[in-house]
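# Summary of structural features
This is what each chain is made of:
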Amino acid sequence: MLLAHMVAALVGPLLVRRLGRNAFYPLALVPGASALWLATLDPRTLAESPREIAVSWIPAFGIDLAFRLDTLSWVLALIATGIGAIVLLYCARYFKDTEPGLGRFAALLTAFAGAMVGLVLADDVMVLYTFWELTTVFSYLLVGHYQDKQASRRAALNALISTTAGGLAMLVGLLMVAAPAGSMRLSVIVADPMWEQAGPYLITAMALMLVGATSKSALVPTHFWLPGAMAAPTPVSAYLHAAAMVKAGVYLILRVAPALTHLEVVTIVLAAVGAATMLVGGWRALRQTDIKLLLAYGTVSQLGFLAAVAGVATHDAVMVALAMLIAHAVFKAPLFMVVGIIDKMFGTRDLRVLSGVGRAAPIIAVIGTVSAASMAAVPPLYGFVAKEAIYTALWSAGGWQRLLLIALIAGSILTVAYSWRFVRGAFGPAPGAPRVATPRISVLYWLPPAAVALFSIVLVVAVGPLEEALRAYSSILPETGTEVHLAVVPHLGIPLLASVLTLALGIGLSLLARPVASLQKKLSPQRWADGGLVEAFDAERGFRRMLRWTDSISIVVTTLFQRGSLPYTLGTMLVVLIALVTPVALTQSPLPDNLVLFRHPLELIVLPVAALAAIGAARSRRRLRAVFLITVTGYGVALLFLIAGAPDVATTQVLVETAMTVVLVLVMRRLPIHFSRRPLQIGAWGRWGIAIATAVVLCGGTLYAADARYREALGPGLIEAAYTIGGGHNVVNVTLVDARVWDTMGEIAVLLVVATGVASLIFVTRRERPIARVRDLDAKSSIWRRRVDSALPQNALDFDARPDDVAGGNRWRTWLSAGLTLAPERRMVVLEVITRIAFPMMMMFSIYLLMAGHNLPGGGFAGGLVAGLALALRYLAGGRYELSEAAPVQAGMVLGGGMALAVLSGVLPVLLGGTVFATATPVVHVPLLGELHFPSALIFDTGVYLVVVGVMLDFLRSLGAQIDQQQEAETDAR
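Remember, predicted model here, so these are calculated numbers, not experimental data. (Residues numbered from 1 in each chain as written. Predicted model: local features only at pLDDT ≥ 70, side-chain atom pairs only at ≥ 80, totals over all residues. Heavy atoms only, no water.)

Time to look at the overall build of the protein. Scanning the protein from terminus to terminus reveals 41 helices and four strands. If one aligns the C-alpha atoms of the protein with their principal axes, the spans along those axes are about 120 × 70 × 70 Å. Out of the 974 residues in the protein, the part that is buried amounts to 49%. Roughly 46,800 Å² of accessible area belongs to the protein as shown, and the carbon and sulfur atoms make up 68% of that amount. Charge separation in the protein, taken as the distance between the mean sites of 73 positive and 57 negative side-chain charges, equals 12 Å. (Helix = DSSP H or I, 4+ residues; strand = E, 2+ residues; numbered from the N terminus. Buried < 20%, exposed > 50% of the residue type's maximum accessible area, 1.4 Å probe, protein only. Areas by Shrake-Rupley, 256 points an atom, 1.4 Å probe, with all protein chains shown as cover. Lys, Arg positive; Asp, Glu negative; His and termini not counted. Charge placed at Lys NZ, Arg CZ, Asp CG, Glu CD.)

Below, the structure written as structure tokens:
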């Protein structure tokens with residue numbers, strides 16, 4: 001089912017592009033087929049032997065893609081898929097082919113249905129949380145469908161922030177209970193005996209879980225986001241309010257009901273929150289003139305009703321809560337769809353303007369009236385059967401549950417009143433308003449809501465089998481007294497009297513609509529409270545105020561710590577590091593017992609030089625001097641690696657330092673020669689103090705980290721494995737391209753991102769321009785020429801002679817391919833000669849390092865750096881045209897080719913029947929050369945080589961050639 005929904009969501013935009021709005025018909029087949037398959041299953045059998053499937057996902061943390069279909073998930077999945085299919089059919093007539101973003105909407109709504117199904121089927125807590133947040137994301141995108149409307153964007157953001165915050169709290173709670181249960185499976189957690197002796201820890205965890213349920217099902221105080229979500233297209237409201245997302249919170253309460261039975265305090269609080277939500281939603285619904293907003297507040301009220309009953313967590317309460325959950329789905333979905341038809345056909349949802357809709361569209365009126373009557377629990381509709389069972393269950397339980405019953409009766413009176421307000425406002429006459437015209441409504445338009453509304457009648461006939469199915473889940477909970485049944489004809493008693501009283505008082509409240517409206521205005525905080533109290537009583541205003549406070553605090557914090565000063569930011573980070581490490585360091589001994597000051601006499605020479613270079617870089621006023629001093633420290637570290645017997649690491653360090661020096665020098669052409677002014681004396685002492693303390697902390701931390709080893713080093717064990725498994729004698733290279741190949745894959749991906757980032761910062765136009773070659777230039781063209789008014793010796797101009805100007809017809813040759821493109825005063829013949837000789841040797845050496853790296857010092861990374869430095873030499877000697885002649889290819893192509901080759905080296909073994917990045921070392925006998933070994937890791941290493949070359953080429957093009965062009969343009973402008 002999940003895969004089918006995913007595929008349908010992916011092809012949804014293509015179907016809409018091809019079929020227009022009729023694409024919703026084939027899309028409805030996916031949830032429709034899922035609902036039909038679920039309907040063929042016996043929920044009683046699922047209670048005894050649930051269908052389970054688990055695929056390992058993250059074994060290190062015990063996380064599996066685990067799904068479980070029992071009676072509870074069967075009910076919710078059947079609602080999600082059945083209502084989802086009907087809503088998709090409704091969409092085919094609700095929208096027009098010209099609706100903006102219709103393809104995206106179709107994909108999102110289908111994915112939304114799939115996410116809801118995944119949520120109710122998930123058994124692993126991380127999988128549950130994943131689908132929980134997916135429903136949040138999809139609802140955010142669906143509620144904000146009308147992107148040009150501020151109300152849609154605000155409503156979507158409110159829903160996103162509220163439900164995400166609750167979801168994070170729920171995740172913490174789930175992880176808290178997973179630890180003592182020793183399992184990530186929700187079914188195992190709720191059935192664990194630990195709940196029988198629950199203490200503050202488990203109570204806190206359960207409270208956090210229920211915070212997620214509260215925010216998801218829009219209970220007080222997060223109830224405000226759900227009425228705002230009415231800004232979404234009506235099909236979204238029909239699905240969101242009836243079968244998806246908001247039902248997730250109630251589902252979670254029902255799922256953890258076996259644990260809630262041992263936490264009476266939590267159940268009482270949850271019941272109180274649910275009852276308060278029912279009263280607030282019902283009271284606010286009576287004030288609405290927009291019939292869609294009226295239904296939205298009605299949903300808030302009904303969700304409070306469901307949460308309060310489900311939170312009781314007894315055998316009967318859970319059974320009747322499930323019955324009411326089904327009733328809510330089958331009356332709320334058609335009500336919203338009816339509102340959508342009214343809105344489209346008559347152009348308004350204002351009940352003060354709608355007049356005579358019942359006569360103009362009698363079928364729509366019948367559908368809406370039947371559904372509203374079921375919502376008001378008018379007998380003998382199914383809504384009455386479910387609510388009567390709730391009254392009976394709470395009355396029979398006694399104790400504090402009877403107090404809850406009184407609150408729910410009050411909420412139900414409001415439900416009757418706003419149900420009548422909806423029917424009269426939507427279908428009855430409106431005083432002073434003209435009668436609406438009679439529209440032509442397609443059968444396919446009103447048939448989907450009619451099909452769902454029919455269940456409010458049909459389920460009355462099937463209450464016996466339905467009760468038996470629902471008890472298959474509730475039977476795991478303790479019984480509290482007389483067993484409650486779903487009965488069409490209830491027994492005489494207090495519950496029936498309460499139902500009669502509910503209907504009578506609800507009708508009376510409807511007849512007193514004007515006095516009630518006047519009372520609501522007088523009681524409204526906007527009439528008697530000031531600004532602060534208004535926001536305290538209005539949840540949405542309070543939420544917006546909280547966001548404003550957050551923005552204000554973030555502004556203050558940002559101005560304190562993010563001043564745009566690199567020294568200040570870096571100093572803050574270092575001070576925090578010192579503050580965190582120092583207390584721990586003070587509890588340790590001064591130095592490790594096995595400290596060795598030095599292993600080789602050369603260290604006594606290299607270390608002081610590196611230290612003096614670092615101090616000199618810190619004190620340098622000139623940027624170029626600081627760069628070269630930093631390079632000295634890097635070369636010093638390379639010497640230490642070499643002394644320690646790590647030629648591979650030393651070679652890479654030298655090459656990286658050289659390449660970084662070249663890059664920094666190129667960058668400094670756009671920076672001032674000197675650093676900014678020196679700080680005041682007190683500031684200088686403060687900086688030196690931070691620097692010295694950081695050095696002490698880092699060195700001390702390194703010493704203690706090395707002393708903390710309690711196992712044998714891995715290095716010696718890798719020597720034999722490198723040859724027998726990886727087929728190479730160079731342990732470092734074999735580790736990088738074989739044993740830890742995924743690490744290297746991540747590193748070259750980072751290199752690719754860095755190159756892209758640098759290019760995007762430098763290039764102000766398109767990055768991949770056509771490469772300018774020498775043959776494309778005029779014969780007299782040159783670059784970097786001096787200004788016209790500057791004096792230049794004649795012999796310098798003669799140096800730039802062309803073949804036609806040379807006496808005697810001597811043949812003129814340049815040392816470099818683009819040597820003549822440079823102005824004569826910019827050329828350096830000695831450097832050109834050196835480059836002409838060194839470039840091919842460096843390229844050959846880079847290939848040698850690549851090929852030999854598996855057995856000798858080298859590898860793709862070192863080889864790529866050498867090739868990049870060779871290209872840098874060509875650029876420095878001959879300019880940007882010389883770079884184009886040396887590498888007439890786009891840097892992005894080299895980067896992409898290297899990355900593709902690296903990926904291919906991992907995928908190819910799978911295609912040949914092996915595993916990802918599997919190693920093979922074929923042996924080839926070549927005449928004269930003898931036996932040659934070609935390890936498969938060489939393919940990956942070649943990809944690394946190309947990525948590094950591409951990065952260097954990108955740097956030279958962006959930080960070199962592009963800046964050259966900018967400076968040339970500035971010179972021409974002057």
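Right, let's get into the nonpolar core. Within the largest apolar cluster, 200 residues are counted, with the highest numbers of intra-cluster contacts made by M206, Y239, I342, Y382, F422 and F427. Per-element accounting of this core gives the leading share, 23 residues, to helix α16 (residues 315–346). Setting aside residues no more than four positions away along its own chain, F427 makes contact with V338, I342, G356, V357, G358, I364, A365, G368, T369 and F422. V758, L849, L871 and L883 belong to the second-largest nonpolar core, a separate cluster that totals 45 residues. (Core = buried A, V, L, I, M, F, W, Y, C linked by side-chain atoms within 4.5 Å. Contact = heavy atoms within 4.5 Å.)

Moving on, we come to the packing of helix α4 (residues 71–94) against helix α12 (residues 246–255). One can describe the packing of α4 onto α12 by two numbers: an axis separation of 11 Å at closest approach and a directional angle of 170°. Judged by the angle between their axes, α4 and α12 are roughly antiparallel. Between α4 and α12, the contacting residues are L72, S73 and L76 on the first element and K247, Y251, L254 and R255 on the second. (Axes fitted to C-alpha atoms, helices over the stretch in contact; angles between N-to-C directions. Parallel < 35°, antiparallel > 145°, perpendicular 65-115°, else oblique.)

Moving on, we come to the confidence of the model for the protein. For the protein, per-residue confidence averages 88 on the pLDDT scale, and residues scoring 70 or more make up 92% of the total. Here helix α37 (residues 794–798) is the element of the protein with the lowest mean pLDDT, 48, and helix α2 (residues 24–39) is the one with the highest, 97. Segment residues 799–812 is flagged for pLDDT under 50; beyond a separation of four residues in sequence, or across chains, it makes 17 contacts in the model. (pLDDT = per-residue confidence, 0-100.)

Let us now look at a nonpolar patch on the surface. Together, V903, L904, V907, L908, L911, L912 and I939 give the surface a local cluster of nonpolar side chains, amounting to about 620 Å² of exposed area. The dominant element in the nonpolar patch, judged by the number of residues it contributes, is helix α40 (residues 891–911), at five residues. As for its position among the elements, L908 is in helix α40. Judged by its relative accessible area of 34%, L908 falls in the partly exposed class. (Patch = residues over 30% accessible without salt bridge, like charges linked within 9 Å, V, L, I, M, F, W, Y side chains within 5 Å. Salt bridge = Lys/Arg side-chain N within 4 Å of Asp/Glu carboxyl O.)

For helix α15 (residues 291–312), built from 22 residues, the straight-helix expectation of 32 Å at 1.5 Å per residue is met to within 8% by its first-to-last C-alpha distance of 32 Å. The element α15 is extensively covered by neighbouring structure, given that 22 of its 22 residues are classed as buried. For α15, the N-terminal capping position is held by D290, with its side-chain oxygen 2.9 Å away from the main-chain nitrogen of K292. Phi for A313, located one or two positions after α15, is positive at around 60°. (Expected span 1.5 Å × (residues − 1). Polar contact = N/O pair within 3.5 Å; in protein donor to acceptor, adjacent residues only side chain to side chain.)

Moving on, we get to the side chain of D316. In this fold, D316 is placed in helix α16. Not counting residues up to four positions away in its chain, the partners in contact with D316 are A393, R471, T482, E483 and V484.

Of all the seven residues making up strand β2 (residues 63–69), five are buried; the element is thus mostly covered by neighbouring parts of the structure. Once strand β1 (residues 51–58) ends, the chain turns through four residues before running back antiparallel as β2, passing G62 with a positive phi of about 70°. (Pairing = 2+ DSSP bridges.)

Before going further, it helps to examine the packing of aromatic side chains. Following the criterion strictly, the structure yields 13 aromatic pairs and no others. Taking the centre distance of 6.4 Å and the plane angle of 65° together, the rings of F24 and F105 count as edge-to-face. Remark: F105 occurs in helix α5 (residues 102–121) and F24 occurs in helix α2; sequence separation between them is 81 residues. Among the residues examined, F24 registers a relative accessible area of 0% and is labelled buried. Each ring, one from F917 and one from F940, has its centre 5.7 Å from the other, and the planes form 90°; the classification is edge-to-face. With a gap of 23 residues between them, F917 in the loop between α40 and β3 (923–926) and F940 in helix α41 (residues 937–973) connect regions that are remote in the sequence. (Phe/Tyr/Trp six-rings, centres within 6.5 Å; stacked < 30°, edge-to-face > 60°.)

The next point concerns the packing of helix α20 (residues 400–427) against helix α24 (residues 494–511). Two elements in contact, α20 and α24, have axes separated by 8 Å at closest approach and are oriented at 45°. Considering the angle they form, α20 stands oblique to α24. Considering only the axes of α20 and α24, their crossing is right-handed. Every residue of α24 that contacts α20 at I409, S412, I413, L414, V416, A417 and W420 is listed here: A498, T502, L503, L505, G506, I507, L509 and S510. Residues that form the contact of α20 with α24 fall into these classes: eleven nonpolar, four polar and no charged. (Left-handed = near helix turned anticlockwise from the far one by under 90°. Nonpolar A, V, L, I, M, F, W, Y, C, P; charged D, E, K, R; others polar.)

We now examine α40. Over its 21 residues, α40 extends 30 Å from the first C-alpha to the last, a length consistent with the 30 Å expected when each residue adds 1.5 Å. All of the buried residues along α40 are A891, V894, L895, G898, M899, A902, S905, G906 and P909. Residue G913 follows α40 closely and has a positive phi angle near 95°.

Let us look at the pattern of salt bridges. Taken as a whole and judged by the stated rule, the model has 14 salt bridges. Among the salt bridges present, the one from D64 reaches R185, with a minimum N-O distance of 3.5 Å. With a gap of 121 residues between them, D64 in strand β2 and R185 in the loop between α7 (150–181) and α8 (186–190) connect regions that are remote in the sequence. Several salt bridges share partner residues, and in doing so they unite E52, R68, D70 and R255 into one network.

At the junction of V220 and P221, the peptide bond is cis and its omega measures out at 10° in the coordinates. The residue P221 is located in the loop between α9 (200–216) and α10 (225–228) in this model. With an omega of 5°, the peptide bond between P379 and P380 qualifies as cis. Positioned with a positive phi, A313 is a non-glycine residue whose angle comes to about 60°. In this structure, A313 sits in the loop between α15 and α16.

On the secondary structure map, T277 appears in helix α14 (residues 264–285). Residue class for T277 comes out buried when judged on its relative accessible area of 0%. Excluding its chain neighbours within four sequence positions, the residues that come into contact with T277 are A218, L219, V220, V300, S301 and G304.

Once that is clear, we can look at the environment of G860. Tracing the chain through its elements places G860 in helix α39 (residues 860–886). Residues contacting G860, with those up to four places away along its chain left out, are N733, L850, D941, V944 and Y945.

A separate point is the environment of G571. In this structure, G571 sits in helix α29 (residues 566–586). Each C-alpha atom, one on G571 and one on G686, is 9.6 Å from the other, the two residues being 115 residues apart in sequence.

Turning to its location among the elements, A410 is positioned in helix α20. Taking relative accessible area as the criterion, A410 reaches 31% and is therefore assigned partly exposed.

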